[in-house]
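Now for the letters of each chain:
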Amino acid sequence: MKPFKNVNYTVYDSSPKEIFVFHEDQQNIDEKTVASFGDEWTTFSSFSDEEIKIAGDQYFDIVADDLLNNKYVLDVGCGTGRWTKYVAEKAAFVECIDPSDAVFSAAKLLKDCPNTRISKAGVDNIPFEDDTFDLVFSLGVLHHIPDTLQAMKSCVKKVKPGGSFLVYLYYNFENRGFLFKSLFFFSNILRRFISSLPKFFKTKTCWLIAVLVYMPFVLLSKGLRKIGLKKLANKMPLSYYTSHSFNIIKNDALDRFGTPLEQRFSRKEITEMMVKSGLSEIIISDNEPYWHAIGKRQ
Ligand SMILES: C[S@@+](CC[C@H](N)C(=O)[O-])C[C@H]1O[C@@H](n2cnc3c(N)ncnc32)[C@H](O)[C@@H]1O
């Protein structure tokens, strides 16, 4: 690990881990969204190794082993630190940062990962020099930040020339039909309302949505798969969750409906942002979750 660039921090003892709390002002941040994630990730702080492996393999399907093995890696917007944990098995050292109270959950999840360090910081005050990391990744984060392109540029600056940047951004349903798009339209109206509720009601409402909306679609997809109608099953809304536990489904329902700021992008827009951030050799995975992409820093 390298020394921090910024010296304006305090150390919080969350034995056996320490949390380095950075104090600079941040502009490119939505405070309501960050507070909401602090609540979310302190509610959902435990993921089994199996849950992490199943979802981690999906996000990292486009990351060759030699980009991870013995490398110095940064996880931006780590939340509970589940992907930091996933990557720490292969990497030499993983730094993870998040501006929300999720870092306290990360300290629990990463307690047995000595090759990790947790910092409470955001994209505007990433506490490392530019050109530092072999791999930087940010999964499900930059669409919750007001200026996504600027946030991506801040992350990519931390990658060494020749290193890589992996990102997952919500897709805008461009590859889906009318039914999907209409469902999204209504669910987005619902999100605006639910995300403004007090924590207790928000959590309970999202739990109900997980049981009454997500689970029926997931069970239908599973059933269709069982009777051999795999193509139709894959077309079902929420079929992505057939391989995931109810814990992940509950968590994603809260993520989806409880977050005040979310933005959505097309493949083309993501590619353009990656190019503007200084990346080339861009690969966008054809697999879910849509879209996750990797590029090489020039
Ligand atoms: C959907 S969660 C994803 C967490 C983690 N990457 C995962 O997939 O489990 C989004 C995370 O982005 C973080 N976040 C929000 N604004 C941020 C900012 N300006 N800089 C860095 N992270 C931010 C939130 O605190 C939250 O933990």
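Note: the structure precedes this text.
Here the structure is a predicted model, which means the values were calculated and not measured.

In this section: the packing of aromatic side chains. Within this structure, the stated rule accounts for 27 aromatic pairs. Measuring from centroid to centroid gives 4.5 Å for Tyr72 and Phe133, while their planes differ by 35°, and the two rings are tilted. Here Phe133 lies in strand β6 (residues 133–139) and Tyr72 lies in strand β3 (residues 72–76), a separation of 61 residues in the sequence. With relative accessibility at 10%, the residue Tyr72 sits in the buried group. We classify Phe133 as buried; its relative accessible area is 0%.

Spatially, the nine strands line up as an open sheet ordered β1-β2-β5-β4-β3-β6-β7-β9-β8, and their pairing is mixed. Two strands close off the open sheet at either side, each with one partner strand: β1 (9–14) and β8 (279–284). Neighbour to neighbour, the strand axes of the sheet diverge by 20° on average, direction disregarded. Relative to strand β5 (residues 116–120), strand β2 (residues 17–22) is paired through three bridges, and the arrangement is parallel. Looking across to β5, one finds that Val21 is bridged to Lys120.

Moving on to the nonpolar core. Ranked by size, the top nonpolar core spans 38 residues in total, and within it Leu142, Met152 and Phe165 carry the most contacts. Among the elements that take part in this core, helix α5 (residues 148–156) stands out by supplying four residues, more than any other. Membership of the second largest hydrophobic core comes to 27 residues, among which are Trp41, Tyr59, Leu68 and Tyr86.

This next bit is on the side chain of Asp98. Tracing the backbone shows Asp98 in the loop between β4 (93–97) and α4 (102–109). One buried charged side chain, Asp98, makes no salt bridge at all; its nearest oppositely charged neighbour is Lys120, positioned 7.6 Å away. Among the polar contacts made by the side chain of Asp98, one reaches the main-chain amide nitrogen of Cys78 at a distance of 3.3 Å. If we skip the residues at most four places from it in the chain, Asp98 touches Gly77, Cys78, Gly79, Val103, Ser119, Lys120 and Ala121.

In this section: a nonpolar patch on the surface. Judged by side-chain polarity, Trp207, Leu208, Leu212, Val213 and Phe246 come together as a nonpolar surface patch covering roughly 470 Å² of accessible area. It is helix α7 (residues 199–226) that provides the largest number of residues to the nonpolar patch, a total of four residues. When you line up the elements, Phe246 lands in helix α9 (residues 246–258).

The rules behind the values
Residues numbered from 1 in each chain as written. Predicted model: local features only at pLDDT ≥ 70, side-chain atom pairs only at ≥ 80, totals over all residues. Heavy atoms only, no water. Phe/Tyr/Trp six-rings, centres within 6.5 Å; stacked < 30°, edge-to-face > 60°. Helix = DSSP H or I, 4+ residues; strand = E, 2+ residues; numbered from the N terminus. Buried < 20%, exposed > 50% of the residue type's maximum accessible area, 1.4 Å probe, protein only. Pairing = 2+ DSSP bridges. Axes fitted to C-alpha atoms, helices over the stretch in contact; angles between N-to-C directions. Core = buried A, V, L, I, M, F, W, Y, C linked by side-chain atoms within 4.5 Å. Lys, Arg positive; Asp, Glu negative; His and termini not counted. Salt bridge = Lys/Arg side-chain N within 4 Å of Asp/Glu carboxyl O. Polar contact = N/O pair within 3.5 Å; in protein donor to acceptor, adjacent residues only side chain to side chain. Contact = heavy atoms within 4.5 Å. Patch = residues over 30% accessible without salt bridge, like charges linked within 9 Å, V, L, I, M, F, W, Y side chains within 5 Å. Areas by Shrake-Rupley, 256 points an atom, 1.4 Å probe, with all protein chains shown as cover.

Everything listed is a geometric property; what it means functionally is a separate question.
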